[in-house]
Amino acid sequence: MSTELRVGLLGCGVVGQGVLRLSQDNARAIEARLGRPVRIQRVYLRPTSKARPHLPAALISDDPRHVYAADDIDIVVELMGGIETAGQLIEAALRAGKPVVTANKALLAERAHELIALANQCGLDLYFEAAVGGGIPVIRTLRESLASDGVTAIRAILNGTSNYILSQMSRRGLGFAEALKGAQEAGFAEADPTLDVGGGDAAHKLAILTTLAFGVRLKTAQIITEGITNVDAIDIQFAKRFGYVFKPLAIAEAFEDGSLGLRVHPALVPESSIMAHVTDALNTVHIAAEALGPCILTGRGAGAGPTAVSVVSDVIDIGRNLLAKTAGRVPQRAFREEVMSDVRIRDRGARQGEFYMRFTVEDRPGVLAEIAGILGQESVSIAHLVQDAPDQGANAAVEVVLLTHAAREAAVEQALSRIDQLPHVRAPARRFRIEEG
Ligand code: HSE
């Protein structure tokens, strides 16, 4: 390493430009903390890239080898996104002897253990704090601060866009599309927002946290994933009447039989809960650990500034390891093959919990009795019920909303599929889980 820590960026979109800005704005403090200045030495941009970083043209290359294979680069930072090419370039960088920082949650969710095995084999660091929770130091917390304890559960909000949309719909009565547009303009939605609102982005992040916290190999597809697109404005209003707010939750919980419950879905949480107060694009991670008990991290989980904080701090950490010749100082312990096991997923129907249900039905005698009858036959007990009866004449559609006592999810699904077949039910039931928050 020369008298500077020379960084090569692969990609320079929103986060990359945040990294350029932060390393410039905080250059003196970073130098003081690391003992060397950090210099952005070169940036690879795909020929098709629309990014226009404020850098001299001489620092920009359209050949990734000028970053990952160059002698004058000490650390490679991958911020391109995507899985195929980004994965190949990270492998190439490690094989060329460069430690790597990445914010690529989709890639890590699918291939973290392979890439980390390669980094270990090469004796190099691969850091990824920015991949989960943007600027929130949750990876470091799991890897370092909780290295002595056993995690039992993670309950989190991991997608800022979904949280922003639900918060705006609730606070300002906005429609879904308008709230999504606001999130996109603010720069924290993914290029393809279906990853945000469909739950895929949060599932990627939960997969990474689960692997770190529980030492298991899993694929994102093994996580129950439901997006927020089924939450209508009317559900938000009904939830309020019962004292709840909607939150996009990501949950990993360990059960005594060694299985893990892994779920990403919108849920109602009590409006007095801590989770309910994590609004707009904020993320939060509630960790429960055996000796520690509860620990809560909350902050900005998306956007150029917060994400750049994690990326540049990883660069500094790796720089410290390079200077001290201690690459691998903080081993990615959970990823060592000898301590990893295949995940055992808890049966989806086994969850025991309360539910919100909304039925759109014809307003005629006996309909409610039929719904209540089926719920009773499936051992699902009703705790609260409201029906709004607008005066729209005979056979008008009305909304019946009820909250259940704790019930098995399998029984709830069975009841709802039977109710959906009833002749006077106008639309498939909406059901959402109620969580403690
Ligand atoms: N699209 C993500 C979010 C941003 O909304 O949380 C960073 O992962």
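Criteria and cut-off values
Residues numbered from 1 in each chain as written. Predicted model: local features only at pLDDT ≥ 70, side-chain atom pairs only at ≥ 80, totals over all residues. Heavy atoms only, no water. Phe/Tyr/Trp six-rings, centres within 6.5 Å; stacked < 30°, edge-to-face > 60°. Helix = DSSP H or I, 4+ residues; strand = E, 2+ residues; numbered from the N terminus. Buried < 20%, exposed > 50% of the residue type's maximum accessible area, 1.4 Å probe, protein only. Axes fitted to C-alpha atoms, helices over the stretch in contact; angles between N-to-C directions. Parallel < 35°, antiparallel > 145°, perpendicular 65-115°, else oblique. Left-handed = near helix turned anticlockwise from the far one by under 90°. Contact = heavy atoms within 4.5 Å. Nonpolar A, V, L, I, M, F, W, Y, C, P; charged D, E, K, R; others polar. Near = heavy atom within 4 Å. Polar contact = N/O pair within 3.5 Å; in protein donor to acceptor, adjacent residues only side chain to side chain. Areas by Shrake-Rupley, 256 points an atom, 1.4 Å probe, with all protein chains shown as cover. Pairing = 2+ DSSP bridges. Arc of directions from axis to C-beta. Expected span 1.5 Å × (residues − 1).

So, about the packing of aromatic side chains. One pass over the full model with this rule turns up three aromatic pairs. Pairing F246 with Y356 gives two aromatic rings, centres 6.2 Å apart and planes at 80 degrees, and the pair type is edge-to-face. Here the residue F246 occupies a position in strand β10 (residues 244-254), and Y356 occupies one in strand β15 (residues 352-362), the gap between them amounting to 110 residues. You can call Y356 buried: its relative accessible area is 0%. For the ring pair F246 and F432, a centre distance of 5.1 Å and an interplane angle of 85 degrees mean the geometry is edge-to-face.

Turning our eyes to something else, we now look at the packing of helix α5 (residues 105-122) against helix α10 (residues 200-214). The geometry of α5 relative to α10 is characterised by a closest axis approach of 8 Å and an angle of 45 degrees between their N-to-C directions. By the angle class used here, α5 and α10 are oblique. Seen along the crossing, α5 lies across α10 with a hand that is left-handed. For the pair α5 and α10, the contacting residues are K105, A106, L108 and A109 in the first and D201, H204, K205, A207 and I208 in the second. Considered class by class, the residues forming the contact of α5 with α10 number five nonpolar, one polar and three charged.

If you check the shell around the ligand, you find 13 residues, and the closest are K105, G160, T161, E190 and D196. In this structure, an oxygen atom belonging to the ligand sits 3.4 Å away from a side-chain N or O atom of N159. Within the contact set of the ligand, an oxygen atom lies 2.6 Å away from a side-chain nitrogen or oxygen of T161. A total of 260 Å² of accessible area belongs to the ligand in isolation, and the protein chains cover 91% of it. Only α7 (160-172) and α10 provide two or more residues apiece to the shell around the ligand.

The next point concerns the pairing of strand β12 (residues 282-289). Most of β12 is tucked away: six of the eight residues are buried. Here strand β7 (residues 151-157) pairs with β12 via six bridges, running antiparallel. The residue of β12 that forms the bridge with R155 is H286. Pairing analysis gives eight bridges linking β12 to strand β13 (residues 293-300), with the strands arranged antiparallel.

Right, let's talk about helix α8 (residues 176-186) for a bit. Inspection of α8 places A179, L180, G182 and A183 among the buried residues, and these make up the whole buried set. Along the long axis of α8, the arc covered by the buried residues comes to 155 degrees, so they all point the same way. Among the exposed residues of α8, those oriented more than 90 degrees off its buried face are A177, E178, K181 and E185. Along its buried surface, α8 packs onto α7 and α9 (194-197). Positive backbone phi, at 90 degrees, marks G187, one or two positions downstream of α8.

Looking now at unusual backbone geometry. For D280, which is not a glycine, the phi torsion comes out positive at approximately 50 degrees. Within the secondary structure layout, D280 lies in the loop between β11 (260-270) and β12. Residue classification places D280 among the partly exposed residues on the basis of a relative accessible area of 21%. Despite not being glycine, K325 shows a phi value in the positive range, around 55 degrees.

A few words on helix α4 (residues 84-95). For α4, with twelve residues, the first-to-last C-alpha span of 17 Å sits near the 16 Å given by 1.5 Å per residue. Those residues of α4 that fall on the buried side of the exposure criterion are A86, G87, L89, I90, A93 and L94. One side of α4 carries all its buried residues, which in axial view fall inside an arc of 165 degrees. Exposed residues lying more than 90 degrees from the buried face of α4 are E84 and R95. Looking one or two residues past α4, G97 carries a phi angle of roughly 90 degrees, positive in sign.

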